[in-house]
Amino acid sequence: MNKTELITEVAKKTGMSKKDMERAVNATVDAITEALAAGDKVQLVGFGSFETKERGARVGRNPKTKESIEIPAARVPVFKAGKALKDEVAK
């Protein structure tokens, strides 16, 4: 399912227009993105949580040339599924 399909499905389930639902989905994604950029954790009870983690610098290898390259440290977003979501998917 892509973003357009998600908007269509949620609009059907709520009875709202696709235009309104697109604004709501975009606002939700923007709010989550802004919170993660600020270093905050976003928890949706029953669904899961979004947070950021630090990934340390490491040495990698270019598969084409076999040359070693330095991969810099980075802050990356991660998602951890909640128990209710895990249970529903496992059915």
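Everything quoted here is computed from the prediction, not taken from an experiment.

*Asks:* Please explain the overall build of the chain as it appears in this structure.
*Replies:* If you tally the helices and strands in the chain, you get 3 helices and 5 strands. Tracing the chain from N to C terminus, the helices and strands come up as α-α-β-β-β-β-β-α. Radius of gyration (C-alpha) of the chain: 18 Å, far over the 12 Å computed for a compact globule of 91 residues. By the burial criterion, 15% of the 91 residues in the chain qualify as buried. Counting contacts in the chain only where the partners sit at least 6 residues apart, residues at least 24 apart contribute 30% of the total. Counting every atom, the chain has about 7200 Å² of accessible surface; 56% of that belongs to carbon and sulfur. Distance from the positive charge centre (18 side chains) to the negative charge centre (13 side chains) of the chain: 5 Å.

*Asks:* What should I look at first to understand unusual backbone geometry in this one?
*Replies:* With glycine set apart, most residues show a phi of negative sign, and most peptide bonds adopt trans. Even without a glycine there, the phi angle at Lys 66 is positive, about 65 degrees. Residue Lys 66 is classed as exposed on the basis of its relative accessible area, which comes to 57%.

*Asks:* Looking at this structure, how should I read the side chain of Ser 49?
*Replies:* Mapped onto the elements, Ser 49 comes out in strand β2 (residues 48–55). Contact partners of Ser 49, with chain neighbours within four places excluded, come to Lys 41, Val 42, Gln 43, Val 78, Phe 79 and Lys 80.

*Asks:* Is there a simple way to explain the environment of Glu 70 in this structure?
*Replies:* Its location among the elements puts Glu 70 in strand β4 (residues 68–71). Overall, Glu 70 belongs to the exposed group, its relative accessible area being 55%. Glu 70 sits 54 residues away from Met 16 along the chain, and the two C-alpha atoms are 50 Å apart. When near neighbours in sequence (up to four residues on either side) are disregarded, Glu 70 contacts Ala 57, Arg 58 and Val 59.

*Asks:* Got a minute to help me understand helix α2 (residues 18–37) in this structure?
*Replies:* Residues that lie three or four places apart on an α-helix share one face, since the helix turns once every 3.6 residues. In this model α2 runs 28 Å from its N-terminal to its C-terminal C-alpha over 20 residues, within 8% of the 28 Å that 1.5 Å per residue would give. Within the span of α2, buried status applies to Met 21, Val 25, Ile 32, Ala 35 and Leu 36. Taken around the axis of α2, the buried residues stretch over an arc of 105 degrees, which confines them to a single face. Residues Lys 19, Arg 23, Glu 34 and Ala 37 are exposed on α2 and point more than 90 degrees away from its buried face. Check the buried side of α2 and you find it contacts α1 (3–14), β1 (42–44), β2 and β5 (74–81).

Calculation rules
Residues numbered from 1 in each chain as written. Predicted model: local features only at pLDDT ≥ 70, side-chain atom pairs only at ≥ 80, totals over all residues. Heavy atoms only, no water. Helix = DSSP H or I, 4+ residues; strand = E, 2+ residues; numbered from the N terminus. Rg over C-alpha atoms; globule rule 2.2 N^0.38 Å. Buried < 20%, exposed > 50% of the residue type's maximum accessible area, 1.4 Å probe, protein only. Contact = heavy atoms within 4.5 Å. Areas by Shrake-Rupley, 256 points an atom, 1.4 Å probe, with all protein chains shown as cover. Lys, Arg positive; Asp, Glu negative; His and termini not counted. Charge placed at Lys NZ, Arg CZ, Asp CG, Glu CD. Expected span 1.5 Å × (residues − 1). Arc of directions from axis to C-beta.

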